[in-house]
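Chains, contacts and geometry: an overview
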Amino acid sequence: RHFPCPPSSPKNLCVALGIQCNNGAVFVAGRYNKYSRNLPQTPWIIDGERKLESSVEELISEHLMAEFKADSFNFSSSGREDVDVRTLGNGRPFAIELVNPRRIHFTAEEMKGLQQTINNSSDKIQVRDLQLVTRDAIGRMKEGEEEKTKTYSALIWTDKAIQSEDIAFLDDIKELKLDQKTPLRVLHRRPLAVRSRIIHTMKSEYIDEHHFRLHLKTQAGTYIKEFVHGDFGRTKPNIGSLLNRTTDILELDVESVDVDWPPTLDN
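This is a predicted model, so every value here is computed, not measured.

1. Describing the overall build of the protein chain
For the protein chain, the count of helices and strands is six helices and 12 strands. By the compact-globule yardstick of 18 Å for 267 residues, the protein chain is too spread out, its C-alpha radius of gyration being 25 Å. Considered along the principal axes of its C-alpha atoms, the protein chain spans approximately 90 × 55 × 35 Å. Across the 267 residues in the protein chain, those meeting the buried criterion constitute 44%. When contacts within the protein chain are restricted to residue pairs at least 6 apart in sequence, those whose partners lie at least 24 apart make up 75%. For the protein chain, the exposed area adds up to about 14,900 Å²; of that, 51% sits on carbon and sulfur atoms.

2. Side note on a nonpolar patch on the surface
A cluster of nonpolar side chains, L184, L187, L192 and F232, forms an exposed patch at the surface whose accessible area comes to about 460 Å². In this structure, F232 sits in the loop between α5 (224-229) and β11 (235-236). Owing to a relative accessible area of 79%, F232 belongs among the exposed residues under this scheme.

3. Focus on the domain arrangement of the protein chain
It is common to report an interface's size as the accessible area lost on association of the parts. Along its sequence, the protein chain is carved into domain 1 (26-146) and domain 2 (150-257). The centre of domain 1, based on its C-alpha atoms, is set 29 Å off from the matching centre of domain 2. Between domain 1 and domain 2, the residue contacts involve 17 residues of the former and 12 residues of the latter. Between domain 1 and domain 2 lies a buried interface of about 1,100 Å² when both sides are counted; carbon and sulfur atoms form 36% of it. Joining domain 1 to domain 2, the criterion identifies six salt bridges.

4. Some thoughts on the packing of helix α1 (residues 56-68) against helix α2 (residues 108-121)
The geometry of α1 relative to α2 is characterised by a closest axis approach of 9 Å and an angle of 140 degrees between their N-to-C directions. By the angle class used here, α1 and α2 are oblique. The chirality of how α1 crosses α2 is right-handed. In contact with L59, I60, H63, L64, E67 and F68 of α1, α2 contributes M111, L114, T117, I118 and S121. The residue makeup of the contact of α1 with α2, split by class, is seven nonpolar, three polar and one charged.

5. A few points about the pairing of strand β1 (residues 26-34)
Where burial is concerned, most of β1 is hidden: nine out of the nine residues are buried. Going residue by residue along β1, you find V26, V28, G30, Y32 and K34 tucked away on one face and F27, A29, R31 and N33 tucked away on the opposite face as well. Here eight bridges tie β1 to strand β5 (residues 86-99), and the two strands are oriented antiparallel to one another. If you follow F27 over to β5, its bridge partner there is E97. Sheet topology note: the β1/strand β6 (residues 125-133) ladder contains seven bridges and is antiparallel. Across the sheet, Y32 pairs through a bridge with V127, a residue of β6.

6. Describing the environment of E255
Mapped onto the elements of the fold, E255 is located in strand β12 (residues 247-257). Judged by relative accessible area, which is 29%, E255 ranks as partly exposed. C-alpha of E255 to C-alpha of L88: the two residues are 167 residues apart in sequence and 5.0 Å apart in space.

7. What to know about α2
Given a rise of 1.5 Å per residue, 14 residues ought to cover 20 Å, and the 20 Å separating the end C-alpha atoms of α2 matches this to within 8%. Listed as buried for α2 are M111, L114, Q115, I118 and N119. Down the axis of α2, the buried set is contained in an arc of 135 degrees. They therefore lie on one face. Along α2, the residues that are exposed and aim more than 90 degrees away from the buried face are E109 and N120.

8. Points about the environment of I156
Along the polypeptide, I156 turns up in strand β7 (residues 149-158). Taking relative accessible area as the criterion, I156 reaches 0% and is therefore assigned buried. Considered as a pair, I156 and H211 are 55 residues apart in the sequence and their alpha carbons are 5.6 Å apart.

9. Describing the side chain of K225
Tracing the sequence through the fold places K225 in helix α5. Of note is the side chain of K225, whose polar atom sits 2.8 Å from the side chain of D84.

10. Quick notes on unusual backbone geometry
For the peptide bond that leads from C5 to P6, omega is 0 degrees, which places it in the cis range. You can see P6 is positioned in the segment before β1. The residue after W261, namely P262, is reached through a cis peptide bond having omega -5 degrees. Turning to its location among the elements, P262 is positioned in the segment after β12. For D231, which is not glycine, the phi dihedral falls at a positive 55 degrees. On the secondary structure map, D231 appears in the loop between α5 and β11. Positive phi values are uncommon outside glycine, yet N244 reaches one of about 60 degrees. Examined against the element boundaries, N244 turns out to sit in the loop between α6 (239-243) and β12.

What counts, and where the lines are drawn
- Residue positions are counted from 1 within each chain, in the order its sequence is given.
- Thresholds applied to this predicted model are a pLDDT of at least 70 for local features of residues and 80 or more for the giving and counting of side-chain atom pairs; totals over whole chains, interfaces and linings are not thresholded and use all residues.
- Calculated side-chain values reflect all of the structure's heavy atoms, with hydrogen atoms and water omitted.
- Helix numbers and strand numbers start at the N terminus; a helix is a DSSP run of H or I with at least 4 residues, a strand a run of E with at least 2.
- Computation of the radius of gyration draws on C-alpha atoms alone. For the globule rule, the value is 2.2 Å times the number of residues to the power 0.38.
- Only protein chains enter the calculation, and the probe is 1.4 Å; a residue is then buried if its accessible area is under 20% of its type maximum, exposed if over 50%, and partly exposed in between.
- Note on contacts: a residue pair is in contact if any heavy atoms of the two residues lie within 4.5 Å.
- The Shrake-Rupley method, run with a 1.4 Å probe sphere, supplies the accessible areas, and residue values consider only the shown protein chains as cover.
- Patch building starts from residues that exceed 30% relative accessible area and form no salt bridge, then joins like charges within 9 Å and nonpolar side chains (Val, Leu, Ile, Met, Phe, Trp, Tyr) within 5 Å.
- Any Lys or Arg side-chain nitrogen found within 4 Å of a carboxyl oxygen on Asp or Glu counts as a salt bridge.
- These domain boundaries are the output of an automatic or database domain assignment.
- Summed over both partners, buried area is the accessible surface (1.4 Å probe) that two parts give up on being assembled.
- Structural elements are reduced to axes, namely lines fitted to C-alpha atoms, with helices fitted over the stretch in contact, and the angle between N-to-C directions of any two is expressed from 0 to 180 degrees.
- Any angle that is under 35 degrees is reported as roughly parallel, and any over 145 degrees as roughly antiparallel; angles of 65 to 115 degrees are reported as roughly perpendicular and all others as oblique.
- In a left-handed crossing the near helix is turned counterclockwise from the far helix by less than a right angle, and in a right-handed crossing that turn is clockwise.
- Amino acids are sorted into nonpolar (Ala, Val, Leu, Ile, Met, Phe, Trp, Tyr, Cys and Pro), charged (Asp, Glu, Lys and Arg) and polar (every other residue, Gly among them).
- Paired strands, as defined in this entry, are two strands with at least two bridges between them according to DSSP.
- Each helix should span, by expectation, one fewer than its residue count multiplied by 1.5 Å.
- To obtain the arc, one takes the directions from the helix axis to the C-beta atoms.
- In protein, a polar contact means a hydrogen-donor-capable atom and an acceptor-capable atom, both N or O and within 3.5 Å, with residues adjacent in sequence counting only if both atoms are side-chain atoms; elsewhere, any N or O pair within 3.5 Å suffices.

Okay, structure coming up:
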């Protein structure tokens, strides 16, 4: 009675109100180095107020957005560094999803030129191995997030005078297990928990009576700053407790992110 079969012919024709054409997203990957201690990875906005004028994400994406003529983008990376931490060595893997690009075909030479354009635009960052990848390939960047290792260099201050022999024993410590309660500085965005992390190796470099440099190879996700100063006892053990004195970190550099992705290019 309500839905006869076959249905009756419509009395009014359908009218197209509008037609919209969209391209599928394009994905660009690479590795970036950050040389500034005053540059966040993503825009730093607190209570609606911007704190710093730029970010790694913006310095890279503005050129990609212009060349691909995309509507918007989504940035992701293999971990992140603090605003005052440099990323050196081969850099940190990243990927950018370009939404609804008007141009999607780029040759290897054009990608190489785009990489050079990004590198010429700022002395705060550099990118390498810039390439087009598939959506599936980005998953490999996140695989083994907890298993991968990272290498750091930390400049450390001590309140009591030290000699080189006072820190030499750190070089012999292997596979040191830490219990790290969520640092006070990230409690506003991370749940309170105690996380176990591993310091695989350490190599000390004596500078003077109150300063030394420590090279560390650690499990991903280790809070290095808190391992140095202890975070009011929230990270155990820490460099302060190992040396039996007050210690603090003055500078931190990421020396390597051990993820074999994206493929290395000859550029």
